[in-house]
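Coordinate analysis (summary)
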Amino acid sequence: AYATDPESVVDGTPEKQFDEEEGLSDGSEFHTPAQPSKRRRLPSVSPRKRCETVDRLSDSDSLERDSLFDSPPSRKRGFRRPRKPWSLVKEWALEEYDREVCFEEIKAIMEQSLDDAGPKIFAKPNPNSIAGWRQKQNYVSRKRQERQDTYVCPFIDRCSCQVKFRIFASEAIIKLETQGEHTAESHVHDKVTRLLSVPQTAAIQQMVSTNPMANATTVRRGLELLPESAPAKISPSKLRLVQRAVAKARSRTLEPFTHGEKLDGDEGSLVRLSEKIFLRTLVEEHNKGGKHLDLHQPVCLGFQYSDGVIYGNYTTPMLLLHPCRGVNAGWPWQAGFDATFGLSNKQFDLMGITTNSLRKRANPVCLCIVNKESAVAYENMYSSMEGGVFELVHNLKLCKKTEKCEMCNAVVEQIVQEPMRTLLTPPKPKKNKQGKVVEKPFVFELPLQKPMCDNTTKFSKWIAKKKPHLLDKVLICAAHLTGIAWQKRSHTKYFDNQKTYRTFYKLLVRALRCSSKALALVIQRAIVMWLRNHGEVRAAEWFEKYWTGLRGNYMLAHSEIGGTNNNNGTEGNWGGLKKAVLGTAGSTAGLPVRAVVPSLLRFLTDKSKEQASYWRSDTKRRCDSTDSCMFNFPAIPLPIKEDWDHMQSLHPRVLMLSKVYGSIETQRRWEAVMHELSVAADEDRLTNAPPHLPIKSLHVRKAERKQSVPDLPPRTAISYIIMPSTKYLDSLDPERKMMANDEQHSEEVLVNMAKFDSMMENPAIYEAHNPDLTLEEIVELHESFYLLEPLEERWGRWVLFKCTCEDFFGGGCCAHSSLLSLLYVTVTPNSTPNFTPNLP
């Protein structure tokens, strides 16, 4: 039993006193201590005071010294990194060198040091950095006579690189010192192994700068194909890190083309970007003396991103001047239109315009993003392109010193030429019936003569509505009938027998080289009959409906000389365009328009620089050294290496078996020259040599006056010349041993030549007189001979005759025309004729 008397209660135990102080409750058997309001801390004293206090207590009370305070007060605590010595790189005396020159050399040395470390990545510099090196410390003397700045490697936080530079500058000298040296292993190992290393990030940035729209998986797999793939190889487990690195690199690569606009899901961001680069606005700023317009600057010709409409037409001034160059070249201006659809998971289509130059070269003019390919889209794309050309050649205020401005030089070069000057001249006012002078409004319009597109009704609707005078001149791309259809197998569904389709395809490819529009109608009718005779009724109806009549302008004759009958140049651009603009999987990834526009502007800038480089070198080759030509399409055709190689591969008897049509005197003089040419070939043992060598021998004889050589008939006296093809002569004489007195082969050549002459003179009458003529016979006869007609005015030195071969239609020059031109080379006595053109 417990005592209840108060006097018998003893004092509380120490535990009890502690509980009462901490506020424990006595009302229960289990006491919970109350939480203190503030944490109790030990008094803070300096180490020195603590040492003095403990020493004093130990001396007075004879206590043992604690091991914590046994060290003497003078001991230095902590770890100090040993200092590496500074080594002198170079010293400049300001009496001999300019201060700016010194710092330029210092910058080059510091850049070279980073290059020695191997691959680099983008590191954001601070305001005082030099060549990417970050300023770490700076010291300025009190009298500001000396200054000392220390720069650390930009990757010091990434891989603990301890290389440093120190610049000491005074009024007398500038000195550069270094601490450490960069090697190939300096940036390989990172402090944090879970991150991408510097070589890996550098390789990613390099690939993304080449192809900004490449996805992370493609980039990671592509790193294994690099020459030094071992350090750049990335594990698939780090795909998320690769995605972030690719996104950052893509953002930095395309940043110059967004002009500070953050392209998000809002349509207003694309509107603001297009307004900033709108050509009319840029021309107005240029004319006011503001920002100067650059030749390769991306510009917008027209846009609308609202109410569900996607439309944006973009180009550069360099590409926008291509129509002017095509007009000034003097050939009928041909423009190619094309569209590629189903892009970005069928969210939008891409359309483009190209202009043709000699040798079937398609030069891009503009690219347009639209919802769908339509007649309205073609109308707006062409009208905005035409308006953009007018802004450059009419409204742009030229600089006073054009010799220092590439942009103004390019514009002046086009507007001073006669064809463009005529287009820019306002019409003269005329008097009406009442005698009043009425001014005609000035309307600028490009002289489009040969529009080309795919076999689509959308393009034809626009032509019929806005340019009806060109409806029967619309060229249809022959590649969509032959090569593209063959690759995609898109026309096989019309044929019951696939073997018949293969035969049809081979005949069709040969028939496309038809050089006469009248003969083209005969060949197209023969194709329909050929299909019916082979039991392909569905194919015959399909071909007659979609590839004859107004849709039958796809043969060589329809393109005319200097043009092309296919859109291969425009089609060829789509492969690189899709990869550059949409990336590897852009067609199925469903990229939004805001992600496509910056890469499209980048693609146009690169294409503009590529075009400028090509046409600058080509124009320099064609023009004299005294001319100040920059970018011009060729107006006078010149033979190229392929033409010269073709001439050397012609049959030796190709010229002697040719026949001249004209007066009797003209034919007699031609036969006399051919006889002397045969004699010269026999005497110089050139019977089986290429035909241009006997011509050279004949001219040498004439120059040396060893014998009299008959003069050639004047070109104007010749109606035309029919020349057998090398393919036909090789079929008669495979070993090329035909002699001049070979009457059997000569007679056969003359018989077929007469048939060719009759067919080319009037194909319809020839077809009527030969009802049993098959498609194979027509094509074979057309391929066996070429018809050459003399030009009224010669096109330079090497083109005096126009030919019906495919090369002449595309380039205005060929081996057959050049061979005849060699006969008319003017040779002075005691001189050696030059038979080698200035080949590119």
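Quick summary incoming for the structure in this document.

Reading the values: rules and limits
- Residues numbered from 1 in each chain as written.
- Predicted model: local features only at pLDDT ≥ 70, side-chain atom pairs only at ≥ 80, totals over all residues.
- Heavy atoms only, no water.
- Helix = DSSP H or I, 4+ residues; strand = E, 2+ residues; numbered from the N terminus.
- Buried < 20%, exposed > 50% of the residue type's maximum accessible area, 1.4 Å probe, protein only.
- Contact = heavy atoms within 4.5 Å.
- Phe/Tyr/Trp six-rings, centres within 6.5 Å; stacked < 30°, edge-to-face > 60°.
- Polar contact = N/O pair within 3.5 Å; in protein donor to acceptor, adjacent residues only side chain to side chain.
- Patch = residues over 30% accessible without salt bridge, like charges linked within 9 Å, V, L, I, M, F, W, Y side chains within 5 Å.
- Areas by Shrake-Rupley, 256 points an atom, 1.4 Å probe, with all protein chains shown as cover.
- Salt bridge = Lys/Arg side-chain N within 4 Å of Asp/Glu carboxyl O.
- Lys, Arg positive; Asp, Glu negative; His and termini not counted.
- Charge placed at Lys NZ, Arg CZ, Asp CG, Glu CD.
- Pairing = 2+ DSSP bridges.
- Axes fitted to C-alpha atoms, helices over the stretch in contact; angles between N-to-C directions.
- Parallel < 35°, antiparallel > 145°, perpendicular 65-115°, else oblique.
- Left-handed = near helix turned anticlockwise from the far one by under 90°.
- Nonpolar A, V, L, I, M, F, W, Y, C, P; charged D, E, K, R; others polar.

What follows deals with the environment of Tyr-382. Among the secondary structure elements, Tyr-382 is positioned in helix α13 (residues 375–395). Classification of Tyr-382 by relative accessible area gives buried; the value is 3%. For Tyr-382, the residues in contact, after removing those within four places along its chain, are Trp-333, Phe-337, Ile-353, Leu-446, Leu-448, Trp-462 and Lys-467.

Take the packing of aromatic side chains next. For the coordinates displayed, the defined rule picks out 29 aromatic pairs. Consider the rings of Tyr-382 and Trp-462, whose centres lie 5.4 Å apart with planes at 55°: the pair is tilted. Residue Tyr-382 is located in helix α13, and its partner Trp-462 is located in helix α16 (residues 457–466); the two are separated by 80 residues in the primary sequence. Ring geometry for Trp-486 and Tyr-501: centres 5.7 Å apart, planes at 15°, overall stacked. Of this pair, Trp-486 sits in helix α17 (residues 483–488) while Tyr-501 sits in helix α18 (residues 498–511), and the two are 15 residues apart along the sequence. Judged by its relative accessible area of 1%, Tyr-501 is buried. Feature note: the residues Trp-486, Tyr-494, Phe-495, Tyr-501, Phe-504, Tyr-505, Trp-542 and Phe-543 constitute an aromatic cluster, connected by ring pairs.

Of note, Glu-261 is situated in the loop between α8 (239–254) and α9 (267–276). Along the chain, Glu-261 and Leu-273 lie twelve residues apart, while their C-alpha atoms are 6.3 Å from each other. Excluding anything up to four places from it in sequence, Glu-261 contacts Arg-272, Leu-273 and Lys-276. A distance of 3.1 Å separates the side chain of Glu-261 from the side chain of Arg-272, its partner in a polar contact. Polar contacts involving the side chain of Glu-261 include one to the side chain of Lys-276, which spans 3.2 Å.

Quick look at a negative patch on the surface now. A cluster of acidic residues, Asp-98, Glu-100, Glu-104 and Glu-111, forms a negative patch at the surface. When you line up the elements, Glu-100 lands in helix α3 (residues 99–116). Overall, the relative accessible area of 63% leaves Glu-100 in the exposed class.

Here His-491 shows up in the loop between α17 and α18. Note on His-491: relative accessible area 8%, which makes it buried. With sequence-adjacent residues up to four places away left out, His-491 is seen in contact with His-480, Leu-481, Ala-485, Tyr-501, Trp-542 and Trp-547.

Turning our eyes to something else, we now look at the sheet that holds strand β17 (residues 785–790). Within the open sheet, the four strands sit side by side as β15-β16-β17-β18. Their pairing is antiparallel. The sheet is open, and its two borders are formed by β15 (659–662) and β18 (801–802), each paired with just one other strand. Contacting β15, β16 (718–724) and β17, helix α29 (residues 743–761) crosses the sheet at an angle of about 60° to β17. Where helix α31 (residues 775–784) meets the sheet, it contacts β16 and β17, and its direction lies at approximately 50° from that of β17.

This part covers the packing of helix α27 (residues 692–704) against helix α33 (residues 815–823). Direction vectors running N to C along α27 and α33 enclose 15°, while the axes themselves pass 9 Å from each other. When the axes of α27 and α33 are compared, the pair comes out roughly parallel. Like other packed secondary-structure pairs, α27 and α33 cross with a definite hand, here left-handed. Between α27 and α33, the contacting residues are His-692, Ile-695 and His-699 on the first element and Leu-819, Leu-822 and Leu-823 on the second. Partitioned by chemical class, the residues of the contact of α27 with α33 number four nonpolar, two polar and no charged.

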